[in-house]
Amino acid sequence: METIIKLKNVNKKFKDFSLENLSLDINKGYITGLIGSNGSGKSSTIRIMMDLMRPDSGDLEIFGLNYEEHEKEIKGRIGFVYDSNIYYEGLNLSDIQRIVGPAYRNWNKGTYFNYLKKFNLPKNKPIKTFSKGMQMKASLAIALSHDAELLIMDEPTAGLDPVFRRELLNILQDILIEENRTIFFSTHITSDLEKIADYVAFIKDGRVIFNHSINDLQEKFSLVKGELELLDRDTSKAFVHINQSSDTFEAMTDDVEKIRRIFGDTVIIDKISLEEIMYFFNGDDNDD
Ligand SMILES: Nc1ncnc2c1ncn2[C@@H]1O[C@H](COP(=O)(O)OP(=O)(O)OP(=O)(O)O)[C@@H](O)[C@H]1O
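Residues numbered from 1 in each chain as written. Predicted model: local features only at pLDDT ≥ 70, side-chain atom pairs only at ≥ 80, totals over all residues.

A. A look at the overall build of the protein. Secondary structure assignment for the protein yields 10 helices and 13 strands. Of the contacts made within the protein by residues no fewer than 6 positions apart, 67% connect residues no fewer than 24 positions apart. (Helix = DSSP H or I, 4+ residues; strand = E, 2+ residues; numbered from the N terminus. Contact = placed C-beta atoms within 7 Å.)

Here it is as structure tokens:
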């Protein structure tokens, strides 16, 4: 498996928050979703990947290159999509082609207009009249028209209605299948990941908790339900996190064999959803 983005022991300290020893390998040719609650550090991680912010320490390589020596090459090979991409508000998408196009060495005018057609975007209407979804599609069309191998997107589906969100996710999936690109995007919506992601990286309080394929995640973790009286200090250790009510508990384990050994058939063991995995990792603070 080839790594396309490599973050190693990255630290960045703000007044009330820090990214701590962040290490993350993103695989080439797949869709990886970066998930975490509000304020967990997703945008900060992406800003570091895009060289919009330099870390205090640690290493970052994209395409095996670093920003210190290869900034122009790296940026030319990435399509970056975020919701305030369109800063030329009074302009239309034909104007954008004239202004943005020449900034990229590999800009392809034909590809750009094909995407505008495919995404049903008007060429001659000012961008400021676009809905949020249309703006997101316009950003995506620009990002895809300079032959970017890697798409990095900060919460591309935030604020989109469910129908549009699904449409955007379908577009991303098609792009990946047809054109063999790598997509890395942040979200706090687990269903986005279930729909399209191959890998899920989960970040909490500025730390990477895991980075696994979706299939591995659902094999690794299980949901366990039972009577509260079954839990004591020892048996509790078999769980990653436990949620207790007055007489029952629900918990997540990463060692289902151990649970079977300890509890036999006195507990119910179930498949766990991505949303439940997030919930248990977030402990009681979960707000997603
Ligand atoms: N330039 C900065 N100066 C000070 N604090 C910052 C700065 N940038 C981010 N932070 C803080 O870092 C924390 C993480 O912010 P970040 O935007 O990375 O989170 P996020 O996971 O993208 O959140 P959301 O899902 O709400 O967009 C927040 O508490 C934020 O206030």
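Structure's up, so let's keep going.
B. Quick peek at unusual backbone geometry. The backbone phi angle of E155 is positive, close to 45°, even though this residue is not glycine. By the secondary structure assignment, E155 is in the loop between β6 (150-153) and α6 (162-179).

C. Up close: the sheet that holds strand β3 (residues 31-35). Judged by pairing direction, the sheet is mixed, and its six strands sit side by side in the order β5-β6-β7-β3-β8-β9 without closing on themselves. The open sheet has two edge strands with one neighbour each: β5 (78-81) and β9 (207-213). The average angle at which neighbouring strand axes cross in this sheet is 15°, direction not considered. (Pairing = 2+ DSSP bridges. Axes fitted to C-alpha atoms, helices over the stretch in contact; angles between N-to-C directions.)

D. Looking closely at the pairing of strand β7 (residues 182-187). Buried residues dominate β7, accounting for six of its six residues. Burial of the side chains of β7 extends over both faces: T182, F184 and S186 are buried on one face and I183, F185 and T187 on the other. In the sheet, β3 pairs with β7 via five bridges, with the strands oriented parallel. For L34, the partnering residue across the bridge sits in β7 and is S186. (Buried ≥ 20, exposed ≤ 12 C-beta atoms within 10 Å, placed from the backbone.)

E. Expanded view of the confidence of the model for the protein. Of the residues in the protein, 96% have a pLDDT of 70 or more, and the chain-wide mean is 90. The ipTM assigned to the predicted complex is 0.94, against a pTM of 0.88. (pLDDT = per-residue confidence, 0-100.)

F. Structural detail: the sheet that holds strand β10 (residues 222-227). A sheet is described by the order of its strands in space; here four strands give the open sequence β11-β12-β10-β13, paired in antiparallel fashion. The sheet terminates laterally at β11 (241-244) and β13 (268-271), the two strands that pair on one side only. On average, each strand axis in the sheet is tilted by 20° relative to the strand beside it, whichever way the strands run. Of the pairings in the sheet, the one linking β11 to strand β12 (residues 248-253) comprises four bridges and is antiparallel in character. Residue pairing in the sheet places H241 in a bridge with M252 of β12. Packing of helix α9 (residues 256-263) onto the sheet brings it into contact with β10, β12 and β13, and relative to β10 it is tilted by some 15°. Sheet strands in contact with helix α10 (residues 274-281) are β10, β11 and β12, and its direction is about 100° off that of β12.

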